[in-house]
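# Analysis of the macromolecular model
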Amino acid sequence: MSLDLFIPFGILLVLVIYLIASRTNFEKQTIKEFEEKFENWKVHAKPEEKEVKETKKELVGLVFKKNGKIDIELFDEFSNDRIQKGKFNSKIRQ
């Protein structure tokens, strides 16, 4: 009578072990496939290039040297504000 009781539980135990093993195998295989796809994507993907908008140079004024004094003649008020605040770059051309 005890043997009749162990047969269904034995079958159930074998079935549970099989399902756990097949699930683990399936997860490992899925992870491996995704890692391969990710590596393939890294090889073929181009790095994003930031679009840098190069602004054009705009003539906003003229600089004159007269009697050892520098005079700047500006064409608009915005440039005058920037000059007065000291927000400008200067360079010497060779």
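Above this text you will find the structure in question.
The sections below set out a description of the structure shown in this document. Nothing here was measured: the structure is a model prediction, and the numbers come from that model.

Before going further, it helps to spend a moment on the environment of glutamate 51. Note on placement: glutamate 51 falls in the loop between helix 1 (2-44) and strand 1 (61-66). Take glutamate 51: its relative accessible area is 79%, and that puts it in the exposed class. Taking the C-alpha atoms as reference points, glutamate 51 and lysine 32, 19 residues apart in sequence, are found 36 Å from one another.

As paired strands, strand 1 and strand 2 (residues 69-74) are joined by six bridges and run antiparallel to one another. When the sheet's bridge partners are listed, leucine 62 is paired in strand 2 with glutamate 73. The turn joining strand 1 and strand 2, which pair antiparallel and follow one another in sequence, is formed by two residues; a positive phi near 55° is taken by asparagine 67.

This part takes up a negative patch on the surface. Taken together, Glu58, Asp76, Glu77 and Asp81 make up a surface patch of like negative charges. Note on placement: aspartate 76 falls in the loop between strand 2 and helix 2 (77-85). On the basis of relative accessibility, which here comes to 33%, the residue aspartate 76 falls in the partly exposed class.

About the thresholds
- Residues numbered from 1 in each chain as written.
- Predicted model: local features only at pLDDT ≥ 70, side-chain atom pairs only at ≥ 80, totals over all residues.
- Heavy atoms only, no water.
- Helix = DSSP H or I, 4+ residues; strand = E, 2+ residues; numbered from the N terminus.
- Buried < 20%, exposed > 50% of the residue type's maximum accessible area, 1.4 Å probe, protein only.
- Pairing = 2+ DSSP bridges.
- Patch = residues over 30% accessible without salt bridge, like charges linked within 9 Å, V, L, I, M, F, W, Y side chains within 5 Å.
- Areas by Shrake-Rupley, 256 points an atom, 1.4 Å probe, with all protein chains shown as cover.
- Salt bridge = Lys/Arg side-chain N within 4 Å of Asp/Glu carboxyl O.
- Lys, Arg positive; Asp, Glu negative; His and termini not counted.
- Charge placed at Lys NZ, Arg CZ, Asp CG, Glu CD.

On their own, these measurements won't tell you what the molecule is for.
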